[in-house]
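So the chains spell out like this:
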Amino acid sequence: MALRAPVLSACIAAAGVIGTVHLFAGERQAEVSFMTPNLRGEAAAALAAAVLAGSLAMPAPASAGLKYSVFGFGEGTSDAYNQIDADQPNPYNVFSNPKDKIYVQDNPEYIAKKKVACDESFKRLQELPPLIKTRQAENVKSLLTLQLGSLRSNMEYITANGSPGYGDYDQSGPKWVKANKFFQKIVDVKVAAES
């Protein structure tokens, strides 16, 4: 119902403008390209009716039903703190309740996707020796930055057994030392190809 009022007022205004233009135009002559408007009482009345109809059909002000709250105190819907889920135990956390979250850290589906991406990256690494042998620096750089650009994040995800904030990102462990050595070798190849 609220959509009808602006549409109705726009239609009435358009009809008034069209009627006014029609009345101003008078009789058409083929050789006249511009004719000064004929101000008649009907044209002014049509314009006044269109303006009046447009002003009567104005929507109610938006602030009529708002309730305000300050820092979460009150029942206001305009406050950012009241847009959080009702069952969230922490009023300052914008995420949903952890008990029914979508992301599950131990889901093997995420690790499987990262392993598939790593396998594709390792296949692309097999193309690297011929490019280095023929000194194709731009192709080496392209190979190391396209598909292999995500290799580091995928390997870190697998090594930590989860994403940052969930997995084990202690860089002093033996698996991290081995992964970081591999990352450094990839960077060294890229630097050697560019120099």
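Residues numbered from 1 in each chain as written. Predicted model: local features only at pLDDT ≥ 70, side-chain atom pairs only at ≥ 80, totals over all residues. Heavy atoms only, no water.

### With respect to the environment of isoleucine 84
The condition is simple: Counting from the N terminus, the helices are the DSSP runs of H or I reaching at least four residues and the strands are the DSSP runs of E reaching at least two. When accessible area is computed with a 1.4 Å probe and restricted to protein chains, residues below 20% of their type maximum are described as buried, those above 50% as exposed, and intermediate ones as partly exposed.
Note on placement: isoleucine 84 falls in the loop between α2 (41-56) and α3 (108-125). By relative accessible area, which is 18% here, isoleucine 84 ends up buried. Considering only alpha carbons, one finds isoleucine 84 and phenylalanine 95, eleven residues apart in sequence, at a separation of 7.6 Å.

### A few points about the side chain of glutamine 147
Counted only if it meets this: Side-chain atoms alone can form a polar contact between residues adjacent in sequence; in general such a contact is a pair of N or O atoms within 3.5 Å, and within protein one must be able to donate a hydrogen while the other accepts it. Any two residues whose heavy atoms approach within 4.5 Å are treated as being in contact.
Along the chain, the position of glutamine 147 falls in the loop between α5 (137-145) and α6 (151-160). At a separation of 3.5 Å, a polar atom in the side chain of glutamine 147 contacts the main-chain carbonyl oxygen of alanine 117. Setting aside its immediate chain neighbours within four residues, glutamine 147 contacts Ala117, Glu120, Ser121 and Arg124.

### Re the packing of aromatic side chains
We apply this condition: Each pair of aromatic rings taken from Phe, Tyr and Trp, with Trp reduced to its six-membered ring, is defined by centres within 6.5 Å and is described as stacked if the planes are under 30 degrees apart, edge-to-face if over 60, and tilted in the remaining cases. By definition, being over a ring means that NZ of Lys or CZ of Arg is both within 6 Å of the ring centre and within 35 degrees of the ring normal.
Per the stated rule, a full pass over the model turns up three aromatic pairs. For the ring pair phenylalanine 122 and phenylalanine 182, a centre distance of 6.1 Å and an interplane angle of 75° mean the geometry is edge-to-face. Of this pair, phenylalanine 122 sits in helix α3 while phenylalanine 182 sits in helix α7 (residues 174-194); the two residues are 60 residues apart in sequence, bridging distant segments of the chain. What makes phenylalanine 122 partly exposed here is its relative accessible area of 32%. The exposure class assigned to phenylalanine 182 is partly exposed, which follows from its relative accessible area of 24%. Ring plane angle 40° and centroid distance 5.4 Å describe the contact between tyrosine 169 and tryptophan 176, whose orientation is recorded as tilted. An aromatic cluster is built from Phe122, Phe182 and Phe183, whose rings are joined through pairwise contacts. Stacked on the ring of tyrosine 157, the Lys or Arg lysine 114 has its end atom at 5.1 Å from the ring centre.

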